[in-house]
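Listed below are the residues making up each chain.
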Amino acid sequence: MVAEILSVGTELLLGQIVNSDAQYLSRRLSELGINVYHHTTVGDNPARVREALRQALGRSDLVITTGGLGPTEDDLTKEMVAQELGLDMRLHQPSMRALEGYFERFGRVMTENNKKQAYFPVGAHVLPNRKGTAPGCVVEKDGKMVAVLPGPPRELTDMYDTQLEPFLRARTHKRIASRFLRIFGIGESEVETRLKDLFSGSNPTLALYCATGEVTARITVMCEENEDPTPLLNPLEKEIRARLGDCVYGEGLKESLAHVVLNKLLERKATVALAESCTGGLIASRLVDCPGASDALIEGHVTYSNQAKMRVLGVTGKTLREFGAVSAQCAAEMAAGARGISGADYALSVTGIAGPGGGTEEKPVGLVYIGLASNQGVETWRFLFTGDRGRIRELSCLNALDKLRRALI
């Protein structure tokens, strides 16, 4: 089954809101083995909506529309679907009763224009709206299917999850299962080079996605609805891990580097302290986002000034005079000082120039030093990041967490 998502709303074209509906539907449809080949966005104009619908039906088996189901004159999605399919609109009494009950519960008067939300193309399968007033529907004709969903994400996701998804699953008898491997420490081009011959498979398939500082490998298989995908997924995952080694830090879209680091600290019953300069508490914030952080994170210090580095962490004036605050020597003393005053098993430090100003030819913007102190001593690393201030701070945070992760394994 080939699908197209047709998003209706001038506010989308003006950039006033982000089209999260299309992203959500594409992800969920892929789980059913339904291929989404096109996303189309059109404003609240009847002629253009109908033209977009005609084009979508000409190249897709399933068209899912979002938006245009409200009570106002420019909410015409259902009407355009009915016209394009040659169907009349008819009152759906259960939807009218549900609308009247909704307004009664809130002590409000239902205006005349709200009644249009209870009219549907003849023969439509109505999808009640449990989160709002605008029901959706599914219309089938001549081997084509149009699913009409509301635009507000809260309403759309509930309607899809509870009603449309089971409806579609009964038609496909297929599903797609995916596994995501999170990769840090090597870039996309290096990952692709190491895995190049693995991209030619048809089932499972392999794809790469990039975010700031990291790569995600997605392994996807098509299988029968009740088939276990594990035997198809496991061999490819094993091969990827063998080739990338400890650059694979986790599995799943929600498993961040901070979550992995915290879990490894908890497994080892180890503790960590932080000494941050250019990251300004970002590392601490990422760890605190994770449940259980209080059992591993002892304390964090944002020592932005030289005076704070000396007073809190014991960085010497001599080090600052001879090497400067942005140096391997300063990062080492910051990490050692944080470990000493906290009693933690590990201490991370970060010092650098995040920009946009403050750089020199000798020490340019993006120069960052990371230090890690443990019972094995103190180690430092030099990085030269590119990008704006936010990106440099983000990469500093991620690389510091990754150095701790590697120490823990």
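See the structure shown above.
Residues numbered from 1 in each chain as written. Predicted model: local features only at pLDDT ≥ 70, side-chain atom pairs only at ≥ 80, totals over all residues. Heavy atoms only, no water.

1. A closer look at helix 3 (residues 46-59)
Going by this rule: Helix and strand definitions follow DSSP, with helices as H or I runs of at least four residues and strands as E runs of at least two, each counted in order from the N terminus. Any helix carries an expected span of 1.5 Å times its number of residues minus one. Residue contacts follow a heavy-atom distance rule, with two residues in contact if any of their heavy atoms lie within 4.5 Å. In the analysis that follows, any N or O atom pair within 3.5 Å is treated as a polar contact, provided that within protein one partner can donate a hydrogen and the other can accept it, and provided that, for residues neighboring in sequence, both atoms belong to side chains.
Given a rise of 1.5 Å per residue, 14 residues ought to cover 20 Å, and the 20 Å separating the end C-alpha atoms of helix 3 matches this to within 8%. Residues of helix 3 that are buried in the fold lie against strand 1 (2-8), strand 2 (35-42), strand 3 (62-66), helix 4 (77-85) and strand 8 (144-149). The N-cap residue of helix 3 is N45: its side-chain oxygen and the backbone nitrogen of A47 are 3.1 Å apart.

2. With respect to the pattern of salt bridges
Pairing between side chains of opposite charge can happen when their charged atoms approach one another. For clarity, the cut-off: Counted as salt bridges are all cases of a side-chain nitrogen of Lys or Arg within 4 Å of a carboxyl oxygen of Asp or Glu. Whether a residue is buried, partly exposed or exposed follows from its accessible area with a 1.4 Å probe, protein chains only, as a fraction of its type maximum: under 20%, in between, or over 50%, in that order.
Following the criterion strictly, the structure yields 22 salt bridges and no others. Residues E239 and R243 are paired through a salt bridge, measuring 2.7 Å at the closest nitrogen-oxygen approach. With E239 and R243 both in helix 8 (residues 230-244), this residue pair falls four residues apart, about one helical turn. Looking at E239, the relative accessible area reads 33%, which means it is partly exposed. Judged by its relative accessible area of 26%, R243 falls in the partly exposed class. Connected through shared salt-bridge partners, R179, E237, R241 and E251 make up one network.

3. Description of the state of the cysteines
Stated precisely, the cut-off is as follows: Here, the term disulfide refers to a pair of cysteine sulfur atoms separated by no more than 2.5 Å.
Per the counting criterion, the structure on display carries zero disulfides. A disulfide-free cysteine, C210 has its sulfur positioned 14 Å from the sulfur of C247, the nearest such atom. The class for C210 is partly exposed, based on a relative accessible area of 47%.

4. Some details on the environment of A328
With respect to the helices and strands, A328 occurs in helix 13 (residues 328-342). Separated by 245 residues in sequence, A328 and Q83 place their C-alpha atoms 70 Å apart. When sequence neighbours within four positions are dropped, the list of residues in contact with A328 reads Y369 and T380.

5. What about the packing of helix 9 (residues 257-268) against helix 14 (residues 389-408)?
We apply this condition: Structural elements are reduced to axes, namely lines fitted to C-alpha atoms, with helices fitted over the stretch in contact, and the angle between N-to-C directions of any two is expressed from 0 to 180 degrees. To sort the angles, those under 35 degrees are grouped as roughly parallel, those over 145 as roughly antiparallel, those from 65 to 115 as roughly perpendicular, and the leftovers as oblique. We call a crossing left-handed when the near helix sits turned anticlockwise from the far one by less than a right angle, and right-handed when that turn is clockwise. Note on residue classes: Ala, Val, Leu, Ile, Met, Phe, Trp, Tyr, Cys and Pro are nonpolar, Asp, Glu, Lys and Arg are charged, and everything else, Gly too, is polar.
Close contact between helix 9 and helix 14 brings their axes to 9 Å; oriented N to C, the two are set at 30°. What the angle tells us is that helix 9 and helix 14 run roughly parallel. Pair helix 9 / helix 14 crosses with left-handed handedness. Counted together, L257, A258, V260, V261, K264, L265 and R268 of helix 9 and L398, L401, D402, L404, R405, A407 and L408 of helix 14 form the full contact between these two elements. The residue inventory of the contact of helix 9 with helix 14, partitioned by class, reads 10 nonpolar, no polar and four charged.

6. Notes on the sheet that holds strand 2
What counts here: Two strands form a pair only when DSSP identifies at least two bridges running between them.
Spatially, the six strands line up as an open sheet ordered 2-1-3-8-7-6, and their pairing is mixed. For this open sheet the edge positions go to strand 2 and strand 6 (125-127), each flanked by a neighbour on one side alone. Averaged over all neighbouring strand pairs, the angle between strand axes comes to 15°, with direction disregarded. Strand direction decides the pairing type here: strand 1 and strand 2, joined by seven bridges, are parallel. Within strand 2, the position partnered with S7 by the bridge is T41. Of the strands in this sheet, strand 1, strand 2, strand 3 and strand 8 touch helix 3, which is tilted by about 170° from strand 1. In the packing of helix 4 onto the sheet, the strands contacted are strand 1, strand 3, strand 7 (136-141) and strand 8, and the crossing angle to strand 8 comes to about 165°.

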